[in-house]
Amino acid sequence: MAEKKNKNGEGCIALQKDGRWVARIQIGKKSDGRSKIKALYGKSKTEVCIRLMEYKKELALNQEGVTAMTVAEYITRWMLLYKINTVSASTYDRMENTFIYQIQDNIGYIKMGDLRTEDIQVFINQKCKTISYSSIKKIKELLNGCCIQAVRLGHMQQNPMEGIVMPNMKAVEKKTKEIQIYSDEDIAKLQETINSSFNSVIKLYAYSPSYILVFSTGLRLGEVLGLTWDNVNFEERYIVVKNNVTYTKKRNANADKQRELVITTPKTRSGRRMIPLNEKAMDALVELKRRYKVLNIESEYVVCNLKGNLLLPRNHARTLKSLCDRADVTYRGVHAIRHTFASRVIRMGIEIKIVSELMGHSNVQITYNTYVHILQEQRVKAIKELDKL
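To keep things clear, this report deals only with the structure shown in the data block.

## Looking at the overall build of the protein
- The number of helices and strands found in the protein is 15 helices and nine strands.
- Here the protein holds 389 residues, and 41% of them are scored as buried.
- Working note: accessible area of the protein is about 22,500 Å², and carbon and sulfur atoms make up 50% of it.

This is the structure:
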């Protein structure tokens, strides 16, 4: 087969065994990194040369239109075309917030055709002074995902993110918040308040035993709000986590509300799990059933509002804040209850792999990185115990 090769991006022309001529040109890259090739066929070399020239003109016009777009315009287009239907609503919200609050007004004005590694590196270095390391990672992930797709589509010859060097965590001035947990004394005070306040303030504290449930299981807020009674096995004393509730932006053009409650399934296989119930967790579930009966609430949800409907995450948090105030306990947030559970079981000497499974982490490393300070405390304690031998 006769073949004439040109420079990259200019195409090549060849005569096939069947007598047809073919022109091939690289127009981007596939998801596996291999070149994406466009083939143009004709009966003669002249015909395919003309077709190749016309296609290159069309490609140049499209390329010019893309490269003339600003980074902000391109990211907006990319998110709407390739992300909104492939990630969860809450993940899309987080990506959108990263774009709006971190990228849009910083490098968003740069033309896609002019975006260079140096521009992004300067931007990231500047962010070391104002945001946390985890927020910088979100910026990198978003820009990299967008640029990878741009290369695949032939809108960029090379991904400018490939040369980016992430800063050392010590160089980031705004440190990630330390994990907050409730002390054993806090838990005792909260439990006493939960048990004693129902009769005096019924409407406010109807679902308050759910906090004891989380202290005993480590459920995420969305998981406890999505828990249904048919996923509770009272006889064998366990629950199955199948659902997660998120409060996300309502993106229907005809929507009359800005946000809506959405029930999703766990993002990873490890998120869908079975959790054994201890005595306190069982008591909390029984108490929830008793209170709902008193209030004539019928609902499929273990945690619900007075009408039996899904509860807003912010209302669940407000009730905990009110309970903390009444119990004279420092409010540390709903998520701190989950951290408290993990911290307690680790200090009990439970194997880190089992803790990871109970927490629903996708891998043990996440658990280790999150609670490394507690593990270090356990090591120090273990060494001190050697003095007693």
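## Notes on helix α12 (residues 335–347)
- Taking 1.5 Å of rise per residue, the 13 residues of α12 would be expected to cover 18 Å, and the 19 Å separating its terminal C-alpha atoms lies within 8% of that figure.
- Of all 13 residues in α12, 10 are buried; the element is thus mostly enclosed.
- Those residues of α12 lying buried are Ala336, Ile337, Arg338, His339, Thr340, Phe341, Ala342, Ser343, Val345 and Ile346.
- One or two steps after α12, the chain reaches Gly349, where phi turns positive at roughly 95°.

## Quick notes on the side chain of Ser356
- Residue position: Ser356 is located in helix α13 (residues 352–359).
- Within the local environment of Ser356, its side chain forms a polar contact with the backbone oxygen of Asn363, the two atoms lying 3.5 Å apart.
- Aside from chain neighbours lying at most four places away, what touches Ser356 is His361, Asn363, Val364 and Thr367.

## Notes on the pattern of salt bridges
- Applying the stated rule across the entire model yields 12 salt bridges.
- The partner of Arg259 in a salt bridge is Asp93, with the nearest N and O atoms 4.0 Å apart. Highlighted residues: Arg259 in strand β8 (residues 259–264) and Asp93 in helix α3 (residues 89–103), separated in sequence by 166 residues.
- Residue Asp93 is classed as buried on the basis of its relative accessible area of 6%.
- Where Glu357 meets Lys353, a salt bridge forms, and the shortest distance between an N and an O atom there is 2.6 Å.

## Section: the sheet that holds strand β6 (residues 238–241)
- Pairing within the open sheet is antiparallel, and its three strands lie in the order β5-β6-β9. The sheet terminates laterally at β5 (232–233) and β9 (273–276), the two strands that pair on one side only.
- Relative to β6, β5 runs antiparallel, the two sharing two bridges. Paired with Asn233 across the strands is Tyr238, a residue of β6.

## Comments concerning the nonpolar core
- Tyr182, Leu190, Leu213 and Val302 are the most contacted members of the largest nonpolar core, which totals 54 residues.
- Contact partners of Val302, with chain neighbours within four places excluded, come to Leu227, Thr228, Trp229, Val232, Leu285, Leu288 and Tyr292.
- Formed by 34 residues, the second largest nonpolar core is a distinct cluster that contains Ala72, Ile136, Cys147 and Ile164.

## With respect to the packing of aromatic side chains
- Counted according to the given criterion, the structure contains two aromatic pairs.
- Judged by centre distance (5.8 Å) and plane angle (85°), the ring pair of Tyr182 and Phe215 falls under edge-to-face. With a gap of 33 residues between them, Tyr182 in the loop between α5 (133–152) and α6 (184–197) and Phe215 in helix α8 (residues 209–217) connect regions that are remote in the sequence.
- On the accessibility criterion, Tyr182 (2% relative accessible area) is buried.
- For Phe215, a relative accessible area of 6% corresponds to the buried category.
- Both rings, one in Trp229 and one in Phe234, keep their centres 6.3 Å apart while their planes meet at 20°; by these two values the pair is stacked.
- On the basis of relative accessible area, Trp229 is assigned to the buried category, the value being 14%.
- Residue classification places Phe234 among the partly exposed residues on the basis of a relative accessible area of 29%.
- Here the guanidinium or amino end of Arg20 rests over the ring plane of Tyr41, the centre of that ring lying 4.5 Å away.

## Quick look at the packing of α12 against α13
- Interhelical geometry of α12 versus α13 gives an angle of 160° and a closest axis separation of 10 Å. Between α12 and α13, the angle falls in the class roughly antiparallel. Both α12 and α13 take part in a crossing whose hand is right-handed. Where α12 approaches α13, its residues Arg338, Phe341, Ala342, Val345 and Ile346 are matched on the opposing element by Ile352, Val355, Leu358 and Met359.

Rules and cut-offs
- Residues numbered from 1 in each chain as written.
- Predicted model: local features only at pLDDT ≥ 70, side-chain atom pairs only at ≥ 80, totals over all residues.
- Heavy atoms only, no water.
- Helix = DSSP H or I, 4+ residues; strand = E, 2+ residues; numbered from the N terminus.
- Buried < 20%, exposed > 50% of the residue type's maximum accessible area, 1.4 Å probe, protein only.
- Areas by Shrake-Rupley, 256 points an atom, 1.4 Å probe, with all protein chains shown as cover.
- Expected span 1.5 Å × (residues − 1).
- Polar contact = N/O pair within 3.5 Å; in protein donor to acceptor, adjacent residues only side chain to side chain.
- Contact = heavy atoms within 4.5 Å.
- Salt bridge = Lys/Arg side-chain N within 4 Å of Asp/Glu carboxyl O.
- Pairing = 2+ DSSP bridges.
- Core = buried A, V, L, I, M, F, W, Y, C linked by side-chain atoms within 4.5 Å.
- Phe/Tyr/Trp six-rings, centres within 6.5 Å; stacked < 30°, edge-to-face > 60°.
- Lys NZ or Arg CZ within 6 Å of the ring centre and 35° of its normal.
- Axes fitted to C-alpha atoms, helices over the stretch in contact; angles between N-to-C directions.
- Parallel < 35°, antiparallel > 145°, perpendicular 65-115°, else oblique.
- Left-handed = near helix turned anticlockwise from the far one by under 90°.

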